[in-house]
There are 2 protein chains.
Amino acid sequence: MKVRILVSFKDSVLDPQGQTVKNALHTLGYAAVKDVRQGKVFELDLAGISRAEADRLVPEMAGKVLANPIIEKFTWQIVEE
Amino acid sequence: MKVRILVSFKDSVLDPQGQTVKNALHTLGYAAVKDVRQGKVFELDLAGISRAEADRLVPEMAGKVLANPIIEKFTWQIVEE
C-alpha cells in the first residue's frame, strides 16, 4: 500500500521559503502568483498491513516523526492499495 | 485558483532524506514501512488567469523554478477553482 502524507506549516505560521519562491516567480514575470506555501511530501510504501491498521498507524507516524504538531499540519491519503 | 505541485526525486535518484526517515520509523517500531521517498510540495494561489493559462503556466514555473528537471520530476493538480 502506498500512502502520501503532505506536511505544511499551519496557516498562522510564516513561511519564508514560500515567500522567497513567490518573489522569484514575480521576478521572472509570473505576476498571477498571489501566494506560495511550501511544504514536504512523504510517500510511504507499507507492506503487510490492512486499511484499518494504516488508518491508525499513518497519522501516528505523521504526528510523531514527519510533522512538528506545534507549527505544522498534515493530511494523508492512500494513493495505491 | 489554487494549484498543488508535488516535486520529488526521479526514481533513479537516491533519496538520503527518505532513507533517514525510514530508518527513524524502523527504530520506533514501524516495521511495515518498506520505503520512504521525500519531496516538496508547493501550493500556489493564482489570480486572474483561466484554466487554459494555468495549464500552460504551471508546468513552465515548475520546470523552471520549483523542480530541477535533471534529477526531479513533478506532478500538479488544481485543488480549488
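Residues numbered from 1 in each chain as written. Chains lettered and ligands numbered in written order. Predicted model: local features only at pLDDT ≥ 70, side-chain atom pairs only at ≥ 80, totals over all residues. Heavy atoms only, no water.

## A few points about the overall build of chain A
Then, number 1: Across its full length, chain A holds two helices and three strands.
Then, number 2: Scanning chain A from its N terminus toward the C terminus, one meets helices and strands in the order β-α-β-α-β.
Then, number 3: Relative to the compact-globule value of 12 Å for 81 residues, chain A shows a C-alpha radius of gyration of 16 Å, a clear excess of over 25%.
Then, number 4: Seen through its principal axes, chain A has C-alpha atoms that stretch 50 × 25 × 15 Å.
Then, number 5: Looking at chain A residue by residue over its 81 residues, the buried ones come to 38%. (Helix = DSSP H or I, 4+ residues; strand = E, 2+ residues; numbered from the N terminus. Rg over C-alpha atoms; globule rule 2.2 N^0.38 Å. Buried < 20%, exposed > 50% of the residue type's maximum accessible area, 1.4 Å probe, protein only.)

## A short note on the interface of chain A and chain B
Then, number 1: Contact with chain A, which involves 31 residues of that partner, is made by 31 residues of chain B.
Then, number 2: Interface of chain A and chain B: buried area, both sides summed, is about 2,600 Å²; carbon and sulfur atoms make up 71% of it.
Then, number 3: Counting across the chain A and chain B interface gives zero salt bridges.
Then, number 4: Taken together, the connections running from chain A to chain B amount to 14 residue pairs in polar contact (both at pLDDT 80 or more).
Then, number 5: Every element with two or more residues in the side of chain A that touches chain B is listed here: strand 1 (2-9), helix 1 (16-27), strand 2 (33-46) and helix 2 (51-66) of chain A.
Then, number 6: Of the residues belonging to the side of chain A that touches chain B, the class tally is 20 nonpolar, two polar and nine charged.
Then, number 7: Note: strand 2 of chain A against strand 2 (residues 33-46) of chain B, 13 bridges, orientation antiparallel. Paired with Val 41 of chain A across the bridge in strand 2 of chain B is Gly 39 of chain B. (Contact = heavy atoms within 4.5 Å. Buried area = accessible area lost by both parts, 1.4 Å probe. Salt bridge = Lys/Arg side-chain N within 4 Å of Asp/Glu carboxyl O. Polar contact = N/O pair within 3.5 Å; in protein donor to acceptor, adjacent residues only side chain to side chain. Nonpolar A, V, L, I, M, F, W, Y, C, P; charged D, E, K, R; others polar. Pairing = 2+ DSSP bridges.)

## What about the confidence of the model for chain A?
Then, number 1: Looking at chain A as a whole, its pLDDT mean stands at 96, while 100% of the residues score no less than 70.
Then, number 2: Reported for the predicted complex are a pTM of 0.92 and an ipTM of 0.91. (pLDDT = per-residue confidence, 0-100.)

## A closer look at the relation of the copies chain A and chain B
For the pair of chain copies, the relating transformation is a rotation about an axis with a translation along it.
Then, number 1: When chain A is brought onto chain B, the operation consists of a screw motion whose angular component is 180 degrees and whose axial shift is 0.0 Å, with 0.0 Å RMSD remaining. When the rotation and shift are considered jointly, the pair of chain copies conforms to a two-fold rotation axis. Using C-alpha coordinates, one finds that chain A approaches the rotation axis most closely at Lys 40 of chain A, a distance of 2.2 Å. (Least-squares fit on C-alpha atoms with pLDDT ≥ 70 in both.)

## So, the sheet that holds strand 2 of chain B
Strand pairing in a sheet relies on backbone hydrogen bonds, with the paired strands running either antiparallel or parallel.
Then, number 1: Taken in spatial order, the six strands of this open sheet run 3(A)-1(A)-2(A)-2(B)-1(B)-3(B), and their pairing is antiparallel. What marks the edges here is a single partner per strand, and that holds for strand 3 (72-80) of chain A together with strand 3 (72-80) of chain B. Going across the sheet, the axis of each strand differs from the next one's by a mean of 25 degrees, ignoring polarity.
Then, number 2: Judged from the eight bridges that link them, strand 1 of chain A and strand 3 of chain A form a sheet pairing that is antiparallel. If you follow Leu 6 of chain A over to strand 3 of chain A, its bridge partner there is Thr 75 of chain A.
Then, number 3: Sitting on the sheet, helix 2 (residues 51-66) of chain B is in contact with strand 2 of chain A together with strand 1 (2-9), strand 2 and strand 3 of chain B, with an inclination near 145 degrees to strand 3 of chain B. (Axes fitted to C-alpha atoms, helices over the stretch in contact; angles between N-to-C directions.)

## Some remarks on helix 2 of chain A
Then, number 1: All of the buried residues along helix 2 of chain A are Ala 54, Leu 57, Val 58, Met 61, Ala 62 and Leu 66 of chain A.
Then, number 2: Where helix 2 of chain A is buried, its residues contact strand 1, strand 2 and strand 3 of chain A together with helix 1 (16-27) and strand 2 of chain B.

## A short note on the nonpolar core
Then, number 1: Counting 22 residues, the largest nonpolar core has Ile 5, Leu 44 and Met 61 of chain A as its most contacted members.
Then, number 2: Of all the secondary-structure elements, those providing two or more residues to this core are strand 1, strand 2 and helix 2 of chain A together with helix 1 and strand 2 of chain B.
Then, number 3: Counting residues per element, this core draws most heavily on helix 2 of chain A, which supplies six residues.
Then, number 4: Apart from the residues lying within four places of it in its own chain, the contact partners of Met 61 of chain A are Leu 44, Leu 46 and Leu 66 of chain A together with Leu 25, Tyr 30 and Val 33 of chain B.
Then, number 5: By size, the runner-up hydrophobic cluster in this structure holds 21 residues, among which are Val 21, Ala 32 and Val 36 of chain A together with Ala 67 of chain B. (Core = buried A, V, L, I, M, F, W, Y, C linked by side-chain atoms within 4.5 Å.)

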